[in-house]
Amino acid sequence: MTKPKKRNVSGVLLLDKPLGVSSNKAIQIAKHLFSAAKCGHTGTLDPLATGLLPVCFGEATKFSSILLGANKTYEATLKLGFLSTTGDSEGEISQTSVTMPNPALSECEQALKNFIGDILQIPPMYSALKHQGKPLYAYARNGEVIARPARKITIYGIQIRSLRQNELHLSIQCGTGTYIRTLAEDIGKALGYGGAYLISLRRTAIDNFNLSQAHTVPMLEEMDAIARDACLLPVDCLLQAHPAVTLDDQSAVWLQQGRTIEYQPEGCTTLPTGENIRLYHRQHFIGLGEITVEQKIIAKRLLSNAYWSTITA
């Protein structure tokens, strides 16, 4: 059986990752559906987590790291009074020694206030963080515990969605590097229950992208190739936080040749040294640039020559 020919498709797919599928498996499914030659994601989700997973195709992979440090929003359900070796329902579950009545809503609201803002968090053993070149989860699977320094994270907001007996459903807005599994356990301890673990976790937003824009695998499977391609967002959707600069023909060519060009701001507007900028030519996005100390523009990441030439011809 002949394998389908791979395409040089470029763009960003907002995928609603299903339960029980790793992020790597999810992007392989997407890559197959789009017959894409090149594919990557912008940050992983645990297999037992669902929700928003931006998938980058082709030229968009050059900018996939942009979202690694983006703020995220999660819907999380915590089981109070129980602990898991992995922090979620995949691990070995045990009941804590603390026996307490079901919490009151007011108690939860008061306790959650202490988690808002910059806080310190110790990363879990079941994580991909490296120690001496080996991920922590590899040590954890062998029963080893490695000392981990606490790291500063930022929690922007926590809202209670529901409280049923000892199950607490939260919406959490947080900065990069936050482990929701660890946060769940710490919240359980703060409430006096000795800990908690995640029953479910769903990512609903990353930066300006949200789950309402996402497509499920079954939805994509039912579409024809044209409809699937229409689901892709343009490459520059990842860079909307950066100011845009439009280049004339000569400047665009010079940047492609690796030369520095003059930055000619509109009016008296200037940009700080090191500022990343979106570069456009004839209304087409052609890459990412940077402002130098002399208020000039250097190319940082440009679209490939083949792709660039097709959109600027």
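Report follows, based on the coordinates. Here the structure is a predicted model, which is why all the values come from computation and not from measurement. (Residues numbered from 1 in each chain as written. Predicted model: local features only at pLDDT ≥ 70, side-chain atom pairs only at ≥ 80, totals over all residues. Heavy atoms only, no water.)

Details of the overall build of the protein chain
Moving on, step 1. Of regular secondary structure, the protein chain possesses eight helices and 18 strands.
Moving on, step 2. Projected onto the principal axes, the alpha-carbon positions of the protein chain cover approximately 75 × 60 × 40 Å.
Moving on, step 3. In the protein chain, buried positions account for 47% of the 313 residues.
Moving on, step 4. Long-range pairs, those at least 24 residues apart, make up 68% of the contacts in the protein chain with a sequence separation of at least 6. (Helix = DSSP H or I, 4+ residues; strand = E, 2+ residues; numbered from the N terminus. Buried < 20%, exposed > 50% of the residue type's maximum accessible area, 1.4 Å probe, protein only. Contact = heavy atoms within 4.5 Å.)

What to know about the pattern of salt bridges
Moving on, step 1. Throughout the structure, instances matching the rule amount to 10 salt bridges.
Moving on, step 2. We note a salt bridge from lysine 62 to glutamate 59, for which the minimum N-O separation is 3.1 Å.
Moving on, step 3. Using a relative accessible area of 10% as the deciding quantity, one classes glutamate 59 as buried.
Moving on, step 4. A salt bridge links lysine 189 to glutamate 185, with the nearest nitrogen and oxygen atoms 3.3 Å apart. Within this pair, lysine 189 and its partner glutamate 185 are both found in helix α4 (residues 180–190), separated by four residues, close to a single helical turn.
Moving on, step 5. Note on lysine 189: relative accessible area 45%, which makes it partly exposed. (Salt bridge = Lys/Arg side-chain N within 4 Å of Asp/Glu carboxyl O.)

Looking at the environment of alanine 227
Moving on, step 1. Within the secondary structure, alanine 227 sits in helix α6 (residues 225–229).
Moving on, step 2. Sequence separation between alanine 227 and leucine 170 is 57 residues, and the spatial gap between their C-alpha atoms is 35 Å.

Here's the deal with helix α7 (residues 249–256)
Moving on, step 1. Among the residues of α7, those classed as buried are Ser251, Ala252 and Leu255. In a view along the axis of α7, the buried residues occupy a sector of 100 degrees, so they form one face of it.
Moving on, step 2. Once α7 finishes, glycine 258 follows within two positions and takes phi at roughly 85 degrees, a positive value. (Arc of directions from axis to C-beta.)

Quick word on the nonpolar core
Moving on, step 1. Core analysis: the largest hydrophobic core is formed by 27 residues, its most contacted members being Leu78, Ile172, Ile180 and Ile187.
Moving on, step 2. Of all elements in the fold, only β4 (72–80), α2 (105–112), β10 (151–164), β11 (167–174), α4 and β12 (196–206) reach the threshold of two or more residues within this core.
Moving on, step 3. In this structure, isoleucine 180 is in contact with Tyr74, Ala76, Ile172, Cys174, Leu198 and Leu201, ignoring residues within four places of it in sequence.
Moving on, step 4. Core analysis: the second largest hydrophobic core is formed by 20 residues, Leu14, Phe209, Ala214 and Cys237 among them. (Core = buried A, V, L, I, M, F, W, Y, C linked by side-chain atoms within 4.5 Å.)

Let's talk about the sheet that holds strand β18 (residues 296–302)
Moving on, step 1. Taken together, five strands build an open sheet; the order of strands is β14-β16-β17-β18-β15 and the sheet is mixed. Only two strands of the sheet have a single neighbouring strand rather than two, namely β14 (244–247) and β15 (261–262).
Moving on, step 2. The sheet contact formed by β15 and β18 spans two bridges and is antiparallel. The residue of β18 that forms the bridge with glutamate 262 is lysine 296.
Moving on, step 3. Where α7 meets the sheet, its contacts fall on β14, β15, β16 (276–281), β17 (284–291) and β18, and the angle it forms with β18 comes to roughly 60 degrees. (Pairing = 2+ DSSP bridges. Axes fitted to C-alpha atoms, helices over the stretch in contact; angles between N-to-C directions.)

Considering the state of the cysteines
Defined simply, a disulfide is a covalent bond joining two cysteines at their sulfur atoms.
Moving on, step 1. Going through the model one piece at a time under the given rule, you end up with zero disulfides.
Moving on, step 2. With no disulfide of its own, cysteine 231 lies closest to cysteine 237 among cysteine sulfurs, the gap being 13 Å. (Disulfide = S-S within 2.5 Å.)

So, helix α1 (residues 23–33)
Moving on, step 1. Among all positions of α1, only Ser23, Ala26, Ile27, Ala30 and Leu33 are buried. Viewed along the axis of α1, the buried residues span an arc of 120 degrees, placing them on a single side of the element.
Moving on, step 2. Check the buried side of α1 and you find it contacts β1 (11–17), β2 (39–41), β3 (49–57), α5 (217–222) and α6.
Moving on, step 3. Serine 35 lies just past α1 and shows a positive phi near 50 degrees.

Notes on the pairing of β11
Moving on, step 1. Counting buried positions along β11 gives six out of eight residues, so the element sits mostly inside the fold.
Moving on, step 2. Bridging between β4 and β11 involves eight bridges; their strand directions are antiparallel. Looking at β11, one finds that lysine 79 is bridged to glutamate 167.
Moving on, step 3. Here eight bridges tie β10 to β11, and the two strands are oriented antiparallel to one another. Among the inter-strand pairings, arginine 164 is bridged to a residue of β11, identified as glutamate 167.
Moving on, step 4. Between β10 and the antiparallel strand that follows it, β11, lie two residues; glutamine 165 among them carries a positive phi value of about 55 degrees.

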